[in-house]
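Listed below are the residues making up each chain.
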Amino acid sequence: MIRSYVALGDSFTEGVGDGRPDGSVRGWADFVAIGLQAASADPIGYANLAIRGRKLSPIIDEQLEPALALGADMLTFNGGGNDIMRPRVRIDWVVERTMDVVDRTLATETRPVILAGANPSRLLPLGRVIRGRGDALAGAVADALGGTGVLFVDNWHDEQLEAARYWSADKLHLNALGHARVAANVLEALGVAVPHEWGVEAVADAAEGERRTFAYYREYVLPWIGRRLTGRSSGDGRVAKRPTLLPVSDSGE
């Protein structure tokens, strides 16, 4: 029985792309918490330490120990997505650091669940490079986890999630429908029923012609490149949206 849950990661886990009217974000981890609460007669505690823009090492160095200190029943971890977007990355190093998270979590009473992020490569410039790296990473993590008994939720190879209707305007972050599908993947892997009503309206298919226009590059690609060149991150100055275990409402708040 899962009575408490903490999520670690970057923008994928924070929920970027699934925005609320007040400017905050929801996301798949919030949906998972809602699903756990719907399946339980007891209150569920939920914390989310993820911060957008974080590469793998800062996620682990800044978030893992505070997460383990919470003593939650379950911990979800996703990292490395920002690393494989950089010019150079060592997949074996990403896997090694991910397994360090697994080993350190298994040494506690908290159950680790490892996630691969969704695959945006069909929609992105240089998508072939990103797909190759993501394929290699997801496969290597799956192999490394073999025999450990640790659950691996492989969203990267969920081909339905590659469809444009699951992605926000920047083509890099999932929208509300995409986050809901990832949450469904997690809950199904846990053997928990997926709620029929997520509070997410159907999202229309994005027009193919909207991809890779000048406006798209100006609004999303060029600012991203600018941050890389100056060493800045979209998460600079941000703190975790839910740093402690709090009760879950039907809206995930």
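In short, a report on the structure. (Residues numbered from 1 in each chain as written. Predicted model: local features only at pLDDT ≥ 70, side-chain atom pairs only at ≥ 80, totals over all residues. Heavy atoms only, no water.)

Some remarks on helix α2 (residues 28-38)
Next up, step 1: Where burial is concerned, most of α2 is hidden: 10 out of the 11 residues are buried.
Next up, step 2: When we look at burial in α2, the residues that qualify are Trp 28, Ala 29, Asp 30, Phe 31, Val 32, Ala 33, Ile 34, Gly 35, Leu 36 and Gln 37.
Next up, step 3: Here the buried face of α2 lies against β1 (4-8), α1 (11-14), β2 (45-48), β3 (74-77), β4 (111-116) and α6 (176-190). (Buried < 20%, exposed > 50% of the residue type's maximum accessible area, 1.4 Å probe, protein only. Helix = DSSP H or I, 4+ residues; strand = E, 2+ residues; numbered from the N terminus. Contact = heavy atoms within 4.5 Å.)

So, the packing of helix α4 (residues 91-106) against helix α5 (residues 127-145)
Next up, step 1: The interhelical angle for the contact between α4 and α5, taken along N-to-C directions, is 40 degrees, at an axis separation of 10 Å. When the axis of α4 is compared with that of α5, the two are oblique. For the element pair α4 and α5, the recorded crossing hand is right-handed. Contact residues: α4 offers Ile 91, Val 94, Val 95, Met 99 and Val 102, while α5 offers Arg 133, Ala 136, Leu 137, Ala 140, Val 141, Ala 144 and Leu 145.
Next up, step 2: By residue class, the composition of the contact of α4 with α5 is 11 nonpolar, no polar and 1 charged. (Axes fitted to C-alpha atoms, helices over the stretch in contact; angles between N-to-C directions. Parallel < 35°, antiparallel > 145°, perpendicular 65-115°, else oblique. Left-handed = near helix turned anticlockwise from the far one by under 90°. Nonpolar A, V, L, I, M, F, W, Y, C, P; charged D, E, K, R; others polar.)

Quick word on the pattern of salt bridges
Next up, step 1: Evaluation of the coordinates by the stated rule reveals 12 salt bridges.
Next up, step 2: A single network of salt bridges, built from pairs that share partners, joins Glu 65, Asp 100 and Arg 104. (Salt bridge = Lys/Arg side-chain N within 4 Å of Asp/Glu carboxyl O.)

A few points about the pairing of β4
If a strand is regular, its side chains alternate between the two faces of the sheet.
Next up, step 1: Across the 6 residues that make up β4, a large majority, 5, are buried.
Next up, step 2: Strand direction decides the pairing type here: β3 and β4, joined by 4 bridges, are parallel. Paired with Leu 75 across the two strands is Pro 112, which belongs to β4.
Next up, step 3: Handedness of the β-α-β unit built from β3, α4 and β4 comes out right-handed.
Next up, step 4: Sheet topology note: the β4/strand β5 (residues 151-154) ladder contains 4 bridges and is parallel. Pairing of Leu 115 across the sheet is with Val 153, part of β5.
Next up, step 5: Handedness of the crossover is the feature at issue here: the chain leaves β4, passes through α5, returns alongside β5, and the resulting connection is right-handed. (Pairing = 2+ DSSP bridges. Right-handed = clockwise from strand over helix to strand, strands pointing away.)

Observations regarding the sheet that holds β5
Next up, step 1: Strand order in this open sheet of 6 strands is β5-β4-β3-β1-β2-β6, and the pairing throughout is mixed. Two strands lie at the open edges of the sheet, namely β5 and β6 (242-247), each paired on one side alone. Across the sheet, the mean angle separating the axes of adjacent strands is 15 degrees when strand polarity is ignored.
Next up, step 2: Here α2 sits on the sheet in contact with β1, β2, β3 and β4, set at roughly 170 degrees to β1.
Next up, step 3: Across the face of the sheet, α6 comes into contact with β3, β4 and β5 while running at roughly 150 degrees to β5.

Re the packing of aromatic side chains
Next up, step 1: Taken as a whole and judged by the stated rule, the model has 2 aromatic pairs.
Next up, step 2: Arranged with centres 5.4 Å apart and planes meeting at 20 degrees, the rings of Tyr 5 and Tyr 46 form a pair that is stacked. Of this pair, Tyr 5 sits in strand β1 while Tyr 46 sits in strand β2, and the two are 41 residues apart along the sequence.
Next up, step 3: By relative accessible area, which is 0% here, Tyr 5 ends up buried.
Next up, step 4: When its relative accessible area of 0% is taken as the criterion, Tyr 46 is described as buried. (Phe/Tyr/Trp six-rings, centres within 6.5 Å; stacked < 30°, edge-to-face > 60°.)

Comments concerning the environment of Asn 185
Next up, step 1: Inspection of the secondary structure assignment puts Asn 185 in helix α6.
Next up, step 2: Overall, Asn 185 belongs to the buried group, its relative accessible area being 17%.
Next up, step 3: Asn 185 has contacts with Val 153, Asn 155, Asp 158 and Leu 161, leaving out every residue within four places of it along the chain.

Side note on α4
Next up, step 1: Compared with an ideal rise of 1.5 Å per residue, which puts 16 residues at 22 Å, α4 spans 23 Å between its outermost C-alpha atoms and is within 8% of the ideal.
Next up, step 2: When α4 is considered as a whole, its buried residues turn out to be Ile 91, Val 94, Val 95, Arg 97, Thr 98, Met 99, Val 101, Val 102 and Thr 105.
Next up, step 3: Those residues of α4 hidden inside the fold are in contact with α3 (56-69), β3, β4 and α5. (Expected span 1.5 Å × (residues − 1).)

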